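Secondary and tertiary structure notes
Read off the chains here:
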Amino acid sequence: MAWALVVSGTSDIGRAVAHRLAAAGYHLHLTARRPDTLHDDAQDLRIRYEVEVKVHALDVRDTAHHPSFAAELTPRPEVVVMMAGYLGDNDLAERDAEERARIMETNYNGPVSVIATLVPHLPAGSVIAGISSVAGERPRASLYYYGSAKRGFSGWLDGLRMRLKPKGIHVVTVKPGVVATKMTAHLPIARGPLTATPEKVAADIVNAIRKRKATLYTPWFWRWIMLVMKLMPEFVIQRMKA
Ligand SMILES: NC(=O)c1ccc[n+]([C@@H]2O[C@H](COP(=O)([O-])OP(=O)(O)OC[C@H]3O[C@@H](n4cnc5c(N)ncnc54)[C@H](OP(=O)(O)O)[C@@H]3O)[C@@H](O)[C@H]2O)c1
C-alpha cells in the first residue's frame, strides 16, 4: 500500500485530509512542530482504518532541517499534502519584522523549502498538493501580508507543476475559500453563509489528488467569485474596505 505525507497534520483541514487518505487506504506520515500533539490522532487513525501512521517533528520555518527530513523519510510518500499556514496579524506585520517574517516563512519560504527538498526523493506518479488560498488571488488591504505570501506560493506551485510534468510528478494548487477552522475562528466572515467545513474541503482535496487536477477552488463557487473579484477595478475593491 502507498504512503502519504500530511505536513502540519494538526491543522483542522489537515486532520480531515488524513482521515480521507486513510479511508482511501494510504499509510500516513504526519508532521507537526510538536509531534506529541499528534499521538492521539495517529492512534485513532490506526484503529479506525487499519493503516500504519508515523509521526515526525517538522517546523516549516526550520529550513536547515528540511534536507535531512526529506532524505530520511521512509517509506517514500507518493502523495504529499502541504497544509502549513499562518494568517498572522496584518497590522502588527506593518510595524514588526518578526511578524512579517513569520507570515512570509510559514506561507511561502517554508512550504517551498519542504517541497523542494522532497521532490528529488519522490517516485514518478507522485502527487503534491499545496494548500494556498483564494486570498492570494486579489490581496486585500486587511490581509495583504498573508495574501501576498499565498499568491507567491500559488505561483510557485503552478511553475513546479510545469517543471515536474516530464518527470511524471503532478502538482495540485489548492485554493480554499473561507473554512471554519482555528485559523478563522476569530473572524466574523467565518460565520457567513459561504464558509465551508474542513471535511468538505478535505473531500475536495483528496478528489483533486485522485483526478490529478491542476487547480482546485474549494468549495467550487470560489472559482467564479474570484473571477469577478479579479475583473473588478481597484477603486471598487478599495470601496469594499476589507
Ligand atoms: N481556514 C481558512 O479559511 C483557510 C482558507 C484558505 C486557505 N487556508 C489554508 O489552509 C491551511 C490549513 O489551515 P487551517 O485552516 O486548517 O488552519 P489551522 O488549523 O490553524 O492550521 C494551520 C496549521 O499550520 C501549522 N503551522 C503553523 N506554523 C507552522 C510552522 N512554522 N511549521 C509547521 N507548521 C506550522 C499549524 O501547526 P501547529 O499546530 O504547530 O500550530 C497548523 O497545523 C493553511 O495553509 C491555511 O493558510 C485556510
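In what follows, the accompanying structure is described.

The rules behind the values
Throughout, residues of each chain are indexed from 1 in the direction in which the sequence is written. This being a predicted model, a pLDDT of at least 70 is required before a residue's local features are given, and a value of 80 or more before pairs of side-chain atoms are given or counted; all residues contribute to the totals for chains, interfaces and linings. Each side-chain value is derived from all of the structure's non-hydrogen atoms; neither hydrogens nor water enter the calculation. Counting from the N terminus, the helices are DSSP H or I runs at least four residues long and the strands are E runs at least two residues long. Between buried and exposed lies partly exposed: a residue is buried under 20% and exposed over 50% of the maximum accessible area for its type, with that area taken using a 1.4 Å probe on protein chains only. In what follows, a contact means two residues having at least one pair of non-hydrogen atoms within 4.5 Å. For every accessible area listed, the method is Shrake-Rupley and the probe measures 1.4 Å; residues are considered covered only by the protein chains on display. For the purpose of charge, His is not counted, nor are the chain termini; Lys and Arg are scored as positive and Asp and Glu as negative. Here the site of a charge means atom NZ of a Lys, CZ of an Arg, CG of an Asp or CD of a Glu. Helix axes are fitted to C-alpha atoms over the stretch in contact, other axes to C-alpha atoms as well, and angles between N-to-C directions run from 0 to 180 degrees. By definition in this entry, angles of less than 35 degrees are roughly parallel, angles greater than 145 are roughly antiparallel, angles of 65 to 115 are roughly perpendicular, and the rest are oblique. Crossing chirality is assigned from the near helix's rotation relative to the far helix, an anticlockwise turn below a right angle marking it left-handed and a clockwise turn marking it right-handed. Three categories are distinguished: nonpolar for Ala, Val, Leu, Ile, Met, Phe, Trp, Tyr, Cys and Pro, charged for Asp, Glu, Lys and Arg, and polar for the others, with Gly belonging to the last. Should DSSP find at least two bridges between two strands, the strands are regarded as paired. Convention used here: a crossover is right-handed provided that the path from the first strand, over the helix, to the second strand proceeds clockwise when the strands point away from the viewer. To form a nonpolar core, buried Ala, Val, Leu, Ile, Met, Phe, Trp, Tyr and Cys residues must be joined to one another through side-chain atoms within 4.5 Å. By convention in this text, a residue qualifies as near a molecule or strand provided that one of its non-hydrogen atoms is within 4 Å of it. Counting of polar contacts relies on pairs of N or O atoms within 3.5 Å, with two restrictions inside protein: one atom must be capable of donating a hydrogen and the other of accepting it, and residues adjacent in sequence are counted only when both atoms are side-chain atoms.

1. What about the overall build of the chain?
The helix and strand inventory of the chain stands at 9 helices and 7 strands. By its C-alpha atoms, the chain is 55 × 40 × 35 Å across when sized along the principal axes. When burial is assessed residue by residue, the chain has 47% of its 242 residues classed as buried. Summarising the internal contacts of the chain: among those between residues at least 6 apart in sequence, 69% fall at separations of at least 24. Per element, the accessible surface of the chain, about 11800 Å² overall, is 55% carbon and sulfur. Computed over 32 positive and 23 negative side-chain charges, the separation of the two mean positions in the chain equals 9 Å.

2. Digging into the packing of helix α1 (residues 12-23) against helix α2 (residues 39-49)
Running from N to C, α1 and α2 cross one another at 25 degrees; their axes reach a closest spacing of 10 Å. In terms of their interaxial angle, α1 and α2 are classed as roughly parallel. The hand of the α1/α2 crossing is right-handed. Residues Arg-15, Ala-18, His-19, Ala-22 and Ala-23 of α1 touch α2, and the partners they reach there are Asp-41, Asp-44, Leu-45, Arg-48 and Tyr-49. Looking at the contact of α1 with α2, its residues break down into 5 nonpolar, 1 polar and 4 charged.

3. Comments concerning the environment of Asp-44
Along the chain, the position of Asp-44 falls in helix α2. Residues Asp-44 and Lys-175, 131 residues apart in the sequence, show an inter-C-alpha distance of 28 Å.

4. Concerning the environment of Thr-218
Tracing the backbone through its elements, the reader meets Thr-218 in strand β7 (residues 215-218). Here the alpha-carbon distance between Thr-218 and Leu-73, two residues 145 residues apart in the chain, equals 30 Å. Apart from residues lying up to four places away in sequence, Thr-218 is in contact with Val-174, Lys-175, Pro-176, Gly-177, Lys-200, Val-201 and Asp-204.

5. Looking at the pairing of strand β2 (residues 27-32)
When you tally the buried positions in β2, you get 6 out of 6 residues, the bulk of the element. Side chains His-27, His-29 and Thr-31 of β2 all project onto a buried face; the interleaved residues Leu-28, Leu-30 and Ala-32 project onto the opposite face, where all are buried too. With 4 bridges connecting them, strand β1 (residues 3-7) and β2 associate as parallel partners. By the bridge assignment, Ala-4 is partnered in β2 with Leu-28. Following the backbone out of β1, through α1 and into the adjacent parallel β2, one traces a crossover that is right-handed. Since β2 and strand β3 (residues 53-57) lie parallel, the crossover through α2 that links them has a hand, and here it is right-handed.

6. Quick notes on the nonpolar core
Within the largest apolar cluster, 33 residues are counted, with the highest numbers of intra-cluster contacts made by Val-17, Leu-21, Leu-28, Leu-30, Val-81 and Ile-205. Of all the secondary structure elements, the ones that give two or more residues to this core are β1, α1, β2, α2, β4 (79-82), β5 (127-131), β6 (170-176) and α7 (198-211). What Ile-205 contacts, discounting residues up to four positions off in sequence, is Ile-13, Val-17, Ile-131, Val-174 and Leu-216. With 23 residues, the next largest nonpolar core counts Leu-5, Phe-69, Leu-73 and Val-112 among its residues.

7. Structural notes on the sheet that holds β2
Strand order in the open sheet formed by 7 strands is β3-β2-β1-β4-β5-β6-β7, and the pairing between neighbours is parallel. In this open sheet, the two edge strands, each paired with only one partner strand, are β3 and β7. Across the sheet, the axes of successive neighbouring strands diverge by a mean angle of 15 degrees, strand direction being ignored. Sitting on the sheet, α2 touches β2 and β3, and the angle it makes with β3 is about 165 degrees. Contacting β4, β5, β6 and β7, helix α6 (residues 144-164) crosses the sheet at an angle of about 155 degrees to β6.

8. Structural notes on the site of the ligand
In the vicinity of the ligand there are 27 residues, among which Thr-10, Arg-33, Tyr-146, Val-179 and Thr-181 approach most closely. Residue Val-179 places a main-chain N or O atom 2.7 Å away from an oxygen atom belonging to the ligand. Taken by itself the ligand offers 890 Å² of open surface, and the protein chains cover 90% of this. When residues of the shell around the ligand are traced back to their parent elements, those giving at least two are α1 and α6. Grouping the amino acids of the shell around the ligand by side-chain chemistry returns 11 nonpolar, 10 polar and 6 charged.

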